[in-house]
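What the coordinates show
Residue-level listing of the chains:
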Amino acid sequence: MRNSLRVAGIATACAVAGAALYGTGAATADNASARHTAEPQNIGVLVGEIDDYYGAYEDADGVWRSSPDSPYAKDLARIQAKAKKDIRKAAAHGSKGGAHGEKPAIVLDVDDTSLLSFDYEKRTNYTYNGATWDAYVKAAKRPAVFGMPELVKYAKSKGVEVFFLTGLSESQREGAVTNLARAGFDTQLDAEHVFTKNKATPPAYLSHCATPAKWECTTVQFKEGTRKHIESTGHNIVGSFGDQVSDLAGGYADKTYKLPNPTYFVE
């Protein structure tokens with residue numbers, strides 16, 4: 001479930017280490033007394049802080065962009081520098097990278113890990129809507145997240161296979177693949193390298209939580225199960241990249257890299 005920066009959602013999305021701004025009590029009608037009594041962060045102020053973090057500006061075409069010298073871009077660069085060192089070391093451990101001769105690989109989420117959705121968040125006032133989001137994805141005009149095409153190029157230069165694992169639906173695959181190519185991701189983007197949520201015909205490796213009749217996989221189960229499948233094909237995932245904790249939880253990766261995203265939260 002995606003929670004955008006709408007009233008309660010913003011509190012979860014932007015709290016430090018995932019702690020809700022409303023405190024630890026569950027704020028429900030049946031448990032009103034558990035609600036934190038301190039006034040939470042003002043949403044208007046918080047939106048301004050997010051703009052500052054991204055170095056938000058509108059280009060000549062009216063598209064909201066992030067500045068390449070913003071705190072956001074600098075945080076990305078630090079994470080990517082560490083990842084490149086780790087990739088180099090992993091690739092140097094023999095020609096294959098795994099204890100049993102598996103080919104080394106990295107796995108990347110798409111939304112706000114590979115492709116930046118900041119313009120959508122600004123245009124919708126940080127409010128998610130399925131129809132507008134679908135149209136935005138299928139327009140395939142998102143810019144790359146700073147430094148990520150270069151990270152992919154670096155990994156491939158070291159003999160590391162690249163996979164994309166996204167919560168986007170199968171019907172959004174074409175838009176995602178087209179956008180990745182346009183944004184400069186020079187790598188294989190076929191169905192064996194880009195994994196989407198196929199709820200109509202879920203793969204057998206997700207049979208513990210998904211059937212054609214009913215999809216019950218959480219984000220963690222979907223991504224964990226897919227990483228396990230990738231490793232079963234003879235790969236060792238040396239790095240998994242995502243902007244959400246749920247992108248990375250569940251194992252089947254030697255290292256994980258959490259990219260910054262204060263605009264929404266995915267459980």
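Turning next to the pairing of strand 4 (residues 103-108). Here strand 4 lies mainly inside the structure; five of its six residues are buried. Across four bridges, the pairing between strand 4 and strand 5 (residues 161-169) is parallel. Its bridge partner being in strand 5, Leu108 is matched across the sheet by Phe164.

Right, let's get into the nonpolar core. Within the largest apolar cluster, 42 residues are counted, with the highest numbers of intra-cluster contacts made by Ile106, Leu108, Met148, Phe164, Phe185 and Phe241. By residue number, the principal contributor to this core is helix 3 (residues 71-92), which donates six residues. Listed in part, the 13 residues of the second largest apolar core include Ala105, Phe163, Phe195 and Cys209.

To continue, consider the confidence of the model for the protein chain. Looking at the protein chain, the pLDDT average stands at 88 and 84% of residues meet or exceed 70. Counting contacts from residues 6-29, a segment whose pLDDT is below 50, to residues more than four positions away or on other chains yields 36 contacts.

Within this structure, the stated rule accounts for twelve salt bridges. Here Asp119 and Arg123 are joined by a salt bridge, their closest N and O atoms 3.0 Å apart. Of the two residues, Asp119 and Arg123 are both situated in helix 4 (residues 118-123); the distance of four residues between them amounts to about one turn of the helix. Judged by relative accessible area, which is 10%, Asp119 ranks as buried. Judged by relative accessible area, which is 53%, Arg123 ranks as exposed. Lys138 is the partner of Asp134 in a salt bridge, and the nearest nitrogen-oxygen pair spans 3.1 Å. Of this pair, Asp134 and Lys138 both sit in helix 5 (residues 130-139), four residues apart, roughly one helical turn. Residue Lys138 is classed as partly exposed on the basis of its relative accessible area, which comes to 43%. Within this structure, Asp109, Lys223 and Asp247 form a network of salt bridges that share partners.

Reading guide: rules and limits
Residues numbered from 1 in each chain as written. Predicted model: local features only at pLDDT ≥ 70, side-chain atom pairs only at ≥ 80, totals over all residues. Heavy atoms only, no water. Buried < 20%, exposed > 50% of the residue type's maximum accessible area, 1.4 Å probe, protein only. Helix = DSSP H or I, 4+ residues; strand = E, 2+ residues; numbered from the N terminus. Pairing = 2+ DSSP bridges. Core = buried A, V, L, I, M, F, W, Y, C linked by side-chain atoms within 4.5 Å. pLDDT = per-residue confidence, 0-100. Contact = heavy atoms within 4.5 Å. Salt bridge = Lys/Arg side-chain N within 4 Å of Asp/Glu carboxyl O.

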